[in-house]
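Tertiary structure, described
Letter by letter, the chains look like this.
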Amino acid sequence: MAVHLHEPETLLPVPGVRLSAVAAGIRYQGRDDLVLMELDAGTACAAVFTRNTFCAAPVQVARSHLQQSASPRYLLINAGNANAGTGEAGRMAALDCCRAVAGEGGCPAEAVLPFSTGVIGEPLPVERITTALPSARAALSPQGWIPAMRAIMTTDTVGKGISERVSLSGGEVTLTGIAKGSGMIHPDMATMLAFVATDARVPEKTLQDLLQGCVDTSFNAITVDGDTSTNDACVLVATGASGVELAGDADAAAFAAALDRICRHLAQAIVRDGEGATKFVTVRVESARDAAEARRVATTVALSPLVKTALFASDPNWGRILAAVGRAGVVDLDVGAVCIHLDEVCIVRDGGRAPGYEEADGARVMARDEPVITIHLGGRGTGRSEVYTCDLSFEYVRINAEYRS
């Protein structure tokens, strides 16, 4: 049950992008599990991938193809099979899928980027995918965002998508994004896939810089369970179909702000739909020496199983938060200057229990659906960071214990 998250009823088409979703029977029966996305010639592309050393075959191939062709024509996404931990055979399977798409679309195989999500270690059923490709190509439509959003889901309970129109000096542009993810979520990147498209005209280098900046405060600022996936990818494409460029600092700022809203919404939606999540939690660290120190403390608290289970139980066990701060590796931390709040309730001041703090006040906040944990490190500097997480429930254990059954 996702925390205050609802599937979008509509998503705006992006000129220059057509999508389809079909059932290939990769793992799931009776539902779409294969997405084909077609991009206009000349589309610029930026991408950020997992830093997991055991990265999946499609990640390896997509990285390689982007180096060879900065303007992809097709994205191919399958759910149900990660094609990870499959060695050279997995890489060849991903390449075979790219070649099949290229044959259908009349483009080089290097202009096809593959993406997979699902069970690790199982051979990719290439024949099922290639057999479904003619149907996928025939079904391509500018209106295909909602079916595509649903088809890439695995343990997700809610489809994740968002659209926005932005007025720039040269006219209006559209941004639409979809994502999947629920478990195996942790920075670098946070199992998740995200695809964002715009009809703005943006150079590839600018596009990559914009994406990296937004990812750092969105998809790399979430954690559900501390497991960085083998398959994570976030892709941003700019078709240029609107003819509208980022003409100056004001345009660049407006577009960057819109992209940041898109990425934050999708990233937070993943946490809200965390496997078994009943609470969406913001961990905010302030007065750190720098942003990196603040992020380290916030991530340590957000990742703590003891903090996460206390959140699930609505138990204001503030000692668990204090202990997590203490083991975050902050050099020369003055524990006597640390102050911690649960929403409006101060639970720790001067390194110990806050004067006047009552357990009932802490329990009231911990029972809320969206509590905020704010940690002041005592004036070390101006560094601050926010990390988004969820509680750890019985349901998380059940889902992952039964995932392959």
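Figured I'd write up the structure that's included with this text. (Residues numbered from 1 in each chain as written. Predicted model: local features only at pLDDT ≥ 70, side-chain atom pairs only at ≥ 80, totals over all residues. Heavy atoms only, no water.)

**Brief notes about the packing of aromatic side chains**
The following threshold applies: Any Phe, Tyr or Trp ring, taking Trp's six-membered ring, that has another such ring centre within 6.5 Å forms a pair; planes under 30 degrees apart are called stacked, those over 60 apart edge-to-face, and the others tilted. Relative accessibility under 20% of the residue-type maximum defines a buried residue, over 50% an exposed one, and the middle range a partly exposed one, all with a 1.4 Å probe and only protein chains included. Only DSSP runs of H or I with at least four residues qualify as helices, and only runs of E with at least two residues qualify as strands; both kinds are numbered from the N terminus onward.
Tallied over the full model, the rule gives three aromatic pairs. Ring centres of F115 and F195 lie 5.1 Å apart, and the angle between their planes is 80 degrees; this geometry places the pair in the edge-to-face category. Taken individually, F115 and F195 each receive the classification buried, so the pair is uniform in this respect. Arranged with centres 6.0 Å apart and planes meeting at 15 degrees, the rings of F280 and Y388 form a pair that is stacked. Note that F280 is positioned in strand β11 (residues 280-288) and Y388 in strand β16 (residues 383-390), a separation of 108 residues in sequence. For Y388, a relative accessible area of 4% puts it in the buried group.

**Some remarks on the pairing of strand β15 (residues 372-376)**
To be explicit about the condition: Two strands pair under a simple rule: DSSP has to find at least two bridges between them.
Most of β15 is tucked away, with four of its five residues classed as buried. Two elements, β11 and β15, share five bridges in a ladder whose sense is parallel. When the sheet's bridge partners are listed, R284 is paired in β15 with T374. Sheet topology note: the strand β12 (residues 339-342)/β15 ladder contains four bridges and is antiparallel.

**Observations regarding the sheet that holds strand β3 (residues 44-49)**
The following threshold applies: Geometry is summarised by axes, namely lines fitted to C-alpha atoms with helices restricted to the contacting stretch, and by angles between N-to-C directions that run from 0 to 180 degrees.
The sheet built from five strands is open, its strands ordered β3-β10-β8-β7-β6 with mixed pairing. Two strands close off the open sheet at either side, each with one partner strand: β3 and β6 (160-168). Averaged over all neighbouring strand pairs, the angle between strand axes comes to 10 degrees, with direction disregarded. Pairing between strand β7 (residues 171-180) and strand β8 (residues 193-198): six bridges, direction antiparallel. Paired with T176 across the bridge in β8 is A197.

**Some details on helix α3 (residues 126-138)**
Applied cut-off: By this rule, a helix spans an expected 1.5 Å times one less than how many residues it contains. One axis fitted to the seven residues ending at a residue, another fitted to the seven starting there: the angle between these axes is the bend at that residue. We call two residues in contact whenever any of their non-hydrogen atoms come within 4.5 Å of each other.
The end-to-end C-alpha separation of α3 is 19 Å, in line with the 18 Å expected for 13 residues at 1.5 Å each. The largest bend in α3 comes to about 35 degrees, at A132, with the proline P134 one to four residues further on. Turning to α3, the residues buried within the fold contact β1 (17-22), β2 (34-39), β4 (74-81) and α2 (87-105).

**Here we look at the pairing of β6**
Here β6 runs beside β7; their pairing, made up of nine bridges, is antiparallel. Bridge assignment links V166 to a residue of β7, and that residue is V173. Following β6, the chain reverses through two residues before pairing antiparallel with β7.

**Quick look at the state of the cysteines**
Just so we agree on the cut-off: A pair of cysteine sulfur atoms is labelled a disulfide when the two atoms are within 2.5 Å.
Under the defined criterion, the tally for this structure stands at zero disulfides. Summary of cysteine pairing: C107 is not part of a disulfide, and the nearest cysteine sulfur, belonging to C98, is at 9.3 Å. No disulfide involves C339; its sulfur sits 3.8 Å from the nearest other cysteine sulfur, which is in C346. On the accessibility criterion, C339 (10% relative accessible area) is buried.

These values are about where atoms sit, not about what they do.
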